[in-house]
Amino acid sequence: MLRKYSIHKENEEPVAYLYYDEDTRLYSADIITDNDKQDLPAMVTLSIRIGKMHWDDKLARAYVKEHTIPSDRAGIDYILKELGFPYYDEIFFLDKFEGRSVMDNFLCTRIE
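In what follows, the accompanying structure is described.

Regarding the environment of Tyr 27
- Following the sequence through the fold, Tyr 27 ends up in strand S3 (residues 26-31).
- Residue classification places Tyr 27 among the buried residues on the basis of a relative accessible area of 3%.
- For Tyr 27 and Asp 57, which are 30 residues apart along the polypeptide, the C-alpha to C-alpha distance reads 4.6 Å.
- Excluding residues that lie within four positions of it along the chain, Tyr 27 makes contacts with Leu 18, Tyr 19, Tyr 20, Asp 56, Asp 57, Ala 60, Arg 61, Val 64, Glu 90 and Ile 91.

Shown next, in the form of structure tokens:
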């Protein structure tokens, strides 16, 4: 099953769409090409500058990792237990916290 997420600021239009294939456990993303906003996540801005409007798993996974709790965080086992997650997987945190990050004000909200 393919999950689809909107990368956006709260109450604003998406700047990109992130996809996660549950069967292959691979990510990908598409940057919205008619995006004229000045305030974008750094990875999106760089992608637009170099004309890379599609992210493969490596780039999309890097974005997800920047917007989720890292697996090597101190106390991660306690965090997993408290949240009821059976094991560490970025997708659990992405779904639970919508990719909230101190690095930017963008969310990654599941839409499909």
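Overview of helix H3 (residues 76-83)
- Listing the buried residues of H3 in full gives Ile 76, Ile 79 and Leu 80. Down the axis, H3 shows its buried residues gathered within 100 degrees of arc, on one side only. Exposed side of H3, more than 90 degrees from the buried face: Asp 77, Tyr 78, Lys 81 and Glu 82 are the residues found there.
- Backbone geometry just downstream of H3 places Gly 84 in the positive-phi region, at approximately 80 degrees.

A closer look at the sheet that holds S3
- The antiparallel open sheet is built from 5 strands, whose spatial order is S4-S3-S2-S1-S5. Taken across any chain shown, the strands that pair with only one partner, and hence form the sheet edges, are strand S4 (54-55) and strand S5 (106-110).
- As defined by bridge partners, strand S1 (residues 2-9) adjoins S5 across 5 bridges and the pair is classed as antiparallel. Residue pairing across strands places Lys 9 opposite Phe 106, the latter belonging to S5.
- Each of S1, strand S2 (16-21), S3, S4 and S5 is contacted by helix H2 (residues 57-66), which is oriented at about 90 degrees to S3, the strand it contacts most.
- Its contacts with the sheet put helix H4 (residues 90-97) on S1, S2, S3 and S5, and the angle it makes with S1 is roughly 50 degrees.

Overview of the packing of aromatic side chains
- Within the structure shown, the criterion is met by 7 aromatic pairs.
- Measuring from ring centre to ring centre gives 5.7 Å for Trp 55 and Tyr 63, while their planes differ by 40 degrees; the resulting arrangement is tilted.
- The class of Tyr 63 is buried, set by a relative accessible area of 2%.
- For the pair Phe 85 and Phe 92, a centre-to-centre distance of 5.2 Å together with 35 degrees between the ring planes defines the contact as tilted.

Concerning the pairing of S1
- For S1, the tally of buried residues reaches 7 of 8 residues, placing the bulk of the element in the interior.
- As defined by bridge partners, S1 adjoins S2 across 6 bridges and the pair is classed as antiparallel. Residue Leu 2 lies in a different strand from S2, and its bridge partner there is Asp 21.
- Counted along the chain from S1 to the antiparallel partner S2, the turn is 6 residues long, and its residue Asn 11 has a positive phi close to 65 degrees.

Brief notes about helix H1 (residues 42-50)
- Those residues of H1 that fall on the buried side of the exposure criterion are Met 43, Val 44 and Ser 47. Axial view of H1: buried residues confined to an arc of 100 degrees, hence all on one face. Exposed and facing more than 90 degrees away from the buried side of H1 are Ala 42, Leu 46 and Arg 49.
- Where H1 is buried, its residues touch S3, S4 and H2.

Definitions and cut-offs
- Residues numbered from 1 in each chain as written.
- Predicted model: local features only at pLDDT ≥ 70, side-chain atom pairs only at ≥ 80, totals over all residues.
- Heavy atoms only, no water.
- Helix = DSSP H or I, 4+ residues; strand = E, 2+ residues; numbered from the N terminus.
- Buried < 20%, exposed > 50% of the residue type's maximum accessible area, 1.4 Å probe, protein only.
- Contact = heavy atoms within 4.5 Å.
- Arc of directions from axis to C-beta.
- Pairing = 2+ DSSP bridges.
- Axes fitted to C-alpha atoms, helices over the stretch in contact; angles between N-to-C directions.
- Phe/Tyr/Trp six-rings, centres within 6.5 Å; stacked < 30°, edge-to-face > 60°.

Geometry only, nothing functional implied.
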